[in-house]
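Topology and contacts: notes
Here is what each chain is made of, one letter per residue.
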Amino acid sequence: MIRNVLTIAGTDPSGGAGVQADLKTFSAHGTYGMSVITALVAQTTTGVSAVHEVPAGFVTEQLRTLLDDVRVDAVKIGMLSDAAIIGAVAAELERYRLPNVVLDPVMVAKSGDRLLAEEAVLALRDELLPRADLITPNLPEAADLLGAEEITDVADMPAQAARLRRLGVARVLLKGGHLGGSSSVDVLDADGAVEFLREERVDTKNDHGTGCTLSAATAALRARRPDWATAVREAKEYLSGALRAAEQLEVGQGHGPVHHFHDRWD
Ligand SMILES: Nc1ncnc2c1ncn2[C@@H]1O[C@H](COP(=O)(O)OP(=O)(O)O)[C@@H](O)[C@H]1O
Ligand SMILES: Cc1ncc(COP(=O)(O)OP(=O)(O)O)c(N)n1
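Structural notes, computed from the coordinates. None of these values were measured; they are calculated from a predicted model.

What to know about the site of ligand 1
Not every one of the 16 residues close to ligand 1 is listed here, only the nearest: K175, H178, S184, D186 and V202. One nitrogen or oxygen atom from the side chain of H178 is found 2.8 Å from an oxygen atom belonging to ligand 1. A distance of 3.1 Å separates an oxygen atom of ligand 1 from a polar side-chain atom of K236. Protein contacts shield 92% of the accessible area of ligand 1, which totals 560 Å² for the unbound molecule. When each cavity is represented as a set of grid points, ligand 1 is found to reside in the largest pocket. For the shell around ligand 1, the secondary structure elements donating two or more residues are β8 (183-190), α7 (210-222) and α8 (228-245).

Set out below in structure tokens:
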């Protein structure tokens, strides 16, 4: 049976991040993709020019219309924009008891533009983190959620992940992409085990949407795999392949997108 996977996120007309990247990723993993949109974002490979938020009540309307009809096997949550939308999504997660929820706590785009209001970080921490099965913060997002300094050393990542778990989160994938270096290291703290996930760093400027792709691939794979660690490991491998395949693309002048491929996944 084909699994149904939902993304709740903002848009990217250039197709590199947000809902567009998530749907491509779901398809690449042999799942059926669906989307609830939280914000229309005028952005491309060079940055964000404007954000048009969807009213929170209409986010609720999209979710209820969809969830009253369709079974959902996994969910990826991305850009939420403000506290009202966070509240709306948290309420519907509770109401429908959705399974396999991956929360990417998106705050700032690579271009430096904010995708979550600063005053909404507390709402994200208090209302959504405890309802997620896995969160996937990058290092600046982890620091913001903890009200702490951003760490700069791979060796400190397990302790930072443990602090996030103590906020009441089931599982944490702490992403170390911002550290640079010859390998790209993430830490998974899940189900009683802490694991370093390492991949060779791909030398490319086409790295727009890496966080979106990783969280979407994890959700899709969790709908198909028996446990979180397997889903996360395969998702990271997929992302590295998509970063390598990005050299085939000519999209935009700035940070281009990664390339989603369908041939490896049956
Ligand atoms: N050039 C790269 N080569 C390989 N993996 C990368 C590269 N850039 C980022 N990654 C990986 O992409 C994922 C997301 O990266 P990160 O920059 O940490 O988060 P975000 O995209 O949310 O800011 C992480 O798994 C990170 O290790
Ligand atoms: C609509 C939308 N959602 C999320 C992001 C951030 O995506 P990410 O994968 O972290 O990629 P970069 O912005 O770092 O390239 C986004 N840009 N837009």
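Looking at the layout of surface pockets
Considering only enclosed or pocket space, the largest pocket measures out at about 890 Å³ in volume. In terms of lining residues, the largest pocket is bounded by 42 residues, among which K110, H178, D207, T210 and G211 are the most central. When residues of the lining of the largest pocket are traced back to their parent elements, those giving at least two are β1 (4-10), α5 (139-146), β8, β9 (193-200), α7 and α8.

Focus on unusual backbone geometry
Not every positive phi belongs to a glycine, and S81 is a case in point at roughly 75 degrees. Here S81 lies in the loop between β4 (74-77) and α3 (83-96). The phi dihedral of D191 is positive, around 50 degrees, even though this residue is not glycine. Mapped onto the fold, D191 is located in the loop between β8 and β9. With a relative accessible area of 53%, D191 lands in the exposed category.

Here's the deal with the packing of α5 against helix α6 (residues 157-165)
To characterise two packed helices, one gives the angle between the axes of the helices and the distance between these axes. Interhelical geometry of α5 versus α6 gives an angle of 45 degrees and a closest axis separation of 10 Å. Overall, the two elements α5 and α6 adopt an arrangement that is oblique. Read as a crossing pair, α5 and α6 show a hand that is left-handed. Across from L139, A142, A143, L145 and L146 in α5, the residues of α6 making contact are M157, Q160, R163 and L164. Class assignment for the residues of the contact of α5 with α6 results in seven nonpolar, one polar and one charged.

Quick notes on the side chain of H260
Structurally, the position occupied by H260 is in the segment after α8. Judged by relative accessible area, H260 falls into the buried class, the value being 8%. A distance of 3.4 Å separates the side chain of H260 from the side chain of T25, its partner in a polar contact.

Calculation criteria
Residues numbered from 1 in each chain as written. Chains lettered and ligands numbered in written order. Predicted model: local features only at pLDDT ≥ 70, side-chain atom pairs only at ≥ 80, totals over all residues. Heavy atoms only, no water. Near = heavy atom within 4 Å. Polar contact = N/O pair within 3.5 Å; in protein donor to acceptor, adjacent residues only side chain to side chain. Areas by Shrake-Rupley, 256 points an atom, 1.4 Å probe, with all protein chains shown as cover. 1 Å grid on protein atoms, 1.4 Å probe; cavity = no way out; pocket = protein on both sides within 12 Å on 5 of 7 lines; lining within 4 Å. Sits in = over half its atoms within 2 Å of the grid points. Helix = DSSP H or I, 4+ residues; strand = E, 2+ residues; numbered from the N terminus. Points joined across faces, edges and corners; volume = space filled by probe spheres on them. Buried < 20%, exposed > 50% of the residue type's maximum accessible area, 1.4 Å probe, protein only. Axes fitted to C-alpha atoms, helices over the stretch in contact; angles between N-to-C directions. Parallel < 35°, antiparallel > 145°, perpendicular 65-115°, else oblique. Left-handed = near helix turned anticlockwise from the far one by under 90°. Contact = heavy atoms within 4.5 Å. Nonpolar A, V, L, I, M, F, W, Y, C, P; charged D, E, K, R; others polar.

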